[in-house]
Amino acid sequence: MGTVSGMGERAIIASITEAFGSASASEASHPKAGTGGADGLAQVLSRVVVANGDDAAVVAANARMVFTMDTSVEGQDFMLTWPSGAKTDARLLGFKCAAQNLSDINAMGARTRYLLVSLSFPGDIEETWPAEFAAGMRQACDELGAPGAELIGGDVSAAESVAVSITAIGELGADSTPLVRSAAQPGDGVYLAGRIPGISGTALNELLSPQVGGLRASEAEPQRALAAHFVPAPPLAVGPALAAREHRIASIDTSDGVVRDATRIAQASDVAVALDEAVINSFAAQLAESWNLTAQEARHNVLYGGEDFNLLFTLPAGAEAPSIDGVAIRRIGTVEQLSQPDTRSGTEPGAYIAGRRLDETLGFDHYSGV
């Protein structure tokens, strides 16, 4: 098998475009004017006028567009070969890089319509790598609930290590309200949609655990960890369902852990987020049993483990959480007013358990310790 150094930029880009393919639900993604689509949009909100292949893409839109971008760098955000011996293939990396962008769009209450990707990699990487990466992106879109997403452009470049930047562009429904972090108010319920928190952080610890004497007790363990860390399941149906409601709703995806991201809502809204200790303990017990952790390790990972890409949101008192097939949505706390010194919630915005403010710096931060 050859390497990308013998392909040339044009062939690399063509392989990416072919591997990503066409949106598998373009009709549902862009319903005809005056008709209802699968996602509830009542009109064509945008369409591609000039697609991938020119200097830039052109999109005609009469909708509110939502933009986000994430960067993943080898050695900082992922390893191609982990201390555990597990290897990150291109398809896995493509899946995760797409998923984290889809999750950000979801957290704003929108649906992803377009992606742009910038890929940098060494010349000695296998020639199938770019196409496999694009296939992983396509798989994430199709399996997670964004089958109409289209790849409309990007760039490739040579580099000493792998780096990925993806821009995702979403659309809000015609009658939807953007979900923001600053909308929480005292009395609101706090909810988490998605899988048990801490799974991705636990898997990351497994991947970072070195082999002993070059051997492991079970080769299945690092493979399980790869799947848990690189194939997240952001609940993409939840954000748009919430945005379509008339309620005041705060929202954020848990890219950096429950405590850090709950603190972001608290700080943006100038409130306290009081987490339910019984619920946290229940999560920890399930995580400990599934991954053979101590109670202390499991609780820490539930609170501080990042990259689960669940949806953390608030609802006014009396409002019911949406019911969506296949998505677990749990109430995990309450929004409280900031209090006077020595009272239950304290005076500083943040996440609390039993009156104790939790240290959000234990969650993930690219520049912690720098």
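Residues numbered from 1 in each chain as written. Predicted model: local features only at pLDDT ≥ 70, side-chain atom pairs only at ≥ 80, totals over all residues. Heavy atoms only, no water.

1. Section: the UniProt feature "binding site: Mg(2+) 3" (unreviewed entry) in the protein chain
- Within this structure's numbering, the places UniProt gives as "binding site: Mg(2+) 3" (unreviewed entry) are Asp55, Asp104 and Asp253.
- In contact with aspartate 104, not counting residues within four places along its chain, are Thr68, Asp70 and Asp253.
- For aspartate 253, the location among the structural elements is in strand S8 (residues 251-253).
- Aside from chain neighbours lying at most four places away, what touches aspartate 253 is Ser103, Asp104, Ala107, Asp261, Phe309, Asn310 and Leu311.
- A polar side-chain atom of aspartate 253 sits 2.7 Å from a polar atom in the side chain of serine 103. (UniProt positions renumbered as here; feature names shortened; annotations may be inferred. Contact = heavy atoms within 4.5 Å. Helix = DSSP H or I, 4+ residues; strand = E, 2+ residues; numbered from the N terminus. Polar contact = N/O pair within 3.5 Å; in protein donor to acceptor, adjacent residues only side chain to side chain.)

2. A word on the packing of helix H1 (residues 9-20) against helix H4 (residues 129-144)
- In contact at an axis separation of 8 Å, H1 and H4 are set at 25° when each is read in the N-to-C sense. As far as their axial angle goes, H4 and H1 are roughly parallel. Between H1 and H4 lies a crossing whose hand is right-handed. Listed contacts from H4 to Ile12, Ser15, Ile16, Ala19 and Phe20 of H1 are Pro130, Ala131, Ala134, Ala135, Met137, Arg138 and Cys141.
- Taken together, the residues of the contact of H1 with H4 sort by class into 10 nonpolar, one polar and one charged. (Axes fitted to C-alpha atoms, helices over the stretch in contact; angles between N-to-C directions. Parallel < 35°, antiparallel > 145°, perpendicular 65-115°, else oblique. Left-handed = near helix turned anticlockwise from the far one by under 90°. Nonpolar A, V, L, I, M, F, W, Y, C, P; charged D, E, K, R; others polar.)

3. Overview of the packing of aromatic side chains
- Taken as a whole, this structure holds four aromatic pairs when the rule is applied.
- Ring geometry for tryptophan 82 versus phenylalanine 230: centroids 6.2 Å apart, planes at 70°, classification edge-to-face. Here phenylalanine 230 lies in helix H6 (residues 220-230) and tryptophan 82 lies in the loop between strand S3 (65-73) and helix H3 (90-107), a separation of 148 residues in the sequence.
- Taking the centre distance of 5.4 Å and the plane angle of 15° together, the rings of tyrosine 191 and phenylalanine 313 count as stacked. Taken together, the residues span a long stretch of sequence, with tyrosine 191 in strand S7 (residues 189-193) and phenylalanine 313 in strand S10 (residues 311-315) at a distance of 122 residues.
- In this structure tyrosine 191 comes out as buried when scored by relative accessible area, which is 9%.
- Residue classification places phenylalanine 313 among the buried residues on the basis of a relative accessible area of 0%.
- Taken together, the ring pairs in this structure connect Phe121, Trp129 and Phe133 into an aromatic cluster.
- Here the guanidinium or amino end of lysine 96 rests over the ring plane of phenylalanine 230, the centre of that ring lying 5.2 Å away. (Phe/Tyr/Trp six-rings, centres within 6.5 Å; stacked < 30°, edge-to-face > 60°. Buried < 20%, exposed > 50% of the residue type's maximum accessible area, 1.4 Å probe, protein only. Lys NZ or Arg CZ within 6 Å of the ring centre and 35° of its normal.)

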